[in-house]
Amino acid sequence: PQSENDSTALEMPSTRKLAEAFPIEEEDVPTWTLPIAYKLLYKEQVKDKELLKKVKLTSNDYSINTFSKDSQTVRQLITYKGKICVPQTLQKRLLQWYHKMLLHPGETRTHETIVQHFYLQNVRKEMHKVCKHCDLCQRTKRRTAANTVS
């Protein structure tokens, strides 16, 4: 048996050493772990003609900023007042991910969390739709006179 002070005891590798020994690509990361990868945001932003038009026409609020996951992976993303613009094609996915990962906190709390980092057009309206169509939220929603149907 080895003692706790024995220098020959096995050491747990650091997270950094593990990451270097077992590199993974963005495609290898399960979709539920992150709302949206920078790579996917970039691909969809480039396809979004409306968003590209807004960048060209209203350069005051819209800009292109650099984001990096690590020192090697760098993405140029469109932002609105410093917040990442989420193209229409990814909005529902982002809203649903946050709503689920925050454990169904309701429209307001989900909205407040999302808008800290992201800009989505009509986010309040879309968040309402997500909560309205969420089976768990509808089954567990507190009933009040304002939300009961007569």
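So, here's what we can say about the structure. Think of each chain on its own: its residues are numbered from 1, step by step along the sequence as written. The predicted origin of the model limits local features to residues at a pLDDT of at least 70 and limits the giving and counting of side-chain atom pairs to 80 or more, whereas totals for whole chains, interfaces and linings rest on all residues. As a rule here, side-chain values come from all non-hydrogen atoms in the structure, and water together with hydrogens is ignored.

## Description of the side chain of T110
- Along the chain, the position of T110 falls in helix α5 (residues 107–114).
- Here, residues are in contact when the closest pair of their heavy atoms is within 4.5 Å. Excluding its chain neighbours within four sequence positions, the residues that come into contact with T110 are L95, Y98, H99, L102, P105 and M127. In this description a helix means any DSSP run of H or I spanning at least four residues, a strand means any run of E spanning at least two, and both kinds are numbered starting from the N terminus.

## Considering the side chain of T79
- Here T79 is to be found in strand β2 (residues 74–80).
- Relative accessibility decides the category of a residue: with a 1.4 Å probe and only protein chains considered, values under 20% of the type maximum give buried, values over 50% give exposed, and everything between is partly exposed. The exposure class of T79 is buried, given its relative accessible area of 0%.
- What qualifies as a polar contact is a pair of N or O atoms within 3.5 Å, subject to a donor-acceptor requirement within protein and to the restriction that residues adjacent in sequence count only when both atoms come from side chains. In this structure the side chain of T79 is engaged in a polar contact, spanning 2.7 Å, whose partner is the side chain of N65.
- Those residues within four positions of T79 in sequence are excluded, and the remaining contacts are D61, Y62, S63, N65, F67, I84 and C85.

## Things to note about α5
- Among all positions of α5, only T110, H111 and I114 are buried. Projected down its long axis, α5 shows its buried positions confined to an angular sector of 100°, all on one face.
- Check the buried side of α5 and you find it contacts α4 (88–101), β4 (118–119) and α6 (123–132). Of all possible arcs, the one meant is that of the directions from the helix axis to the C-beta atoms.

## Some thoughts on the pattern of salt bridges
- Counted as salt bridges are all cases of a side-chain nitrogen of Lys or Arg within 4 Å of a carboxyl oxygen of Asp or Glu. What the rule picks out here adds up to four salt bridges.
- As a salt-bridge pair, K47 and E44 come within 3.2 Å of each other at their nearest N and O atoms. Placement of the pair is K47 and E44 together in helix α2 (residues 38–47), with a separation of three residues, close to one helical turn.
- Taking the relative accessible area as the measure of exposure, K47 reaches 56% and is therefore exposed.
- Residue classification places E44 among the buried residues on the basis of a relative accessible area of 12%.
- R139 is paired through a salt bridge with D135; the nearest N and O atoms lie 2.8 Å apart.

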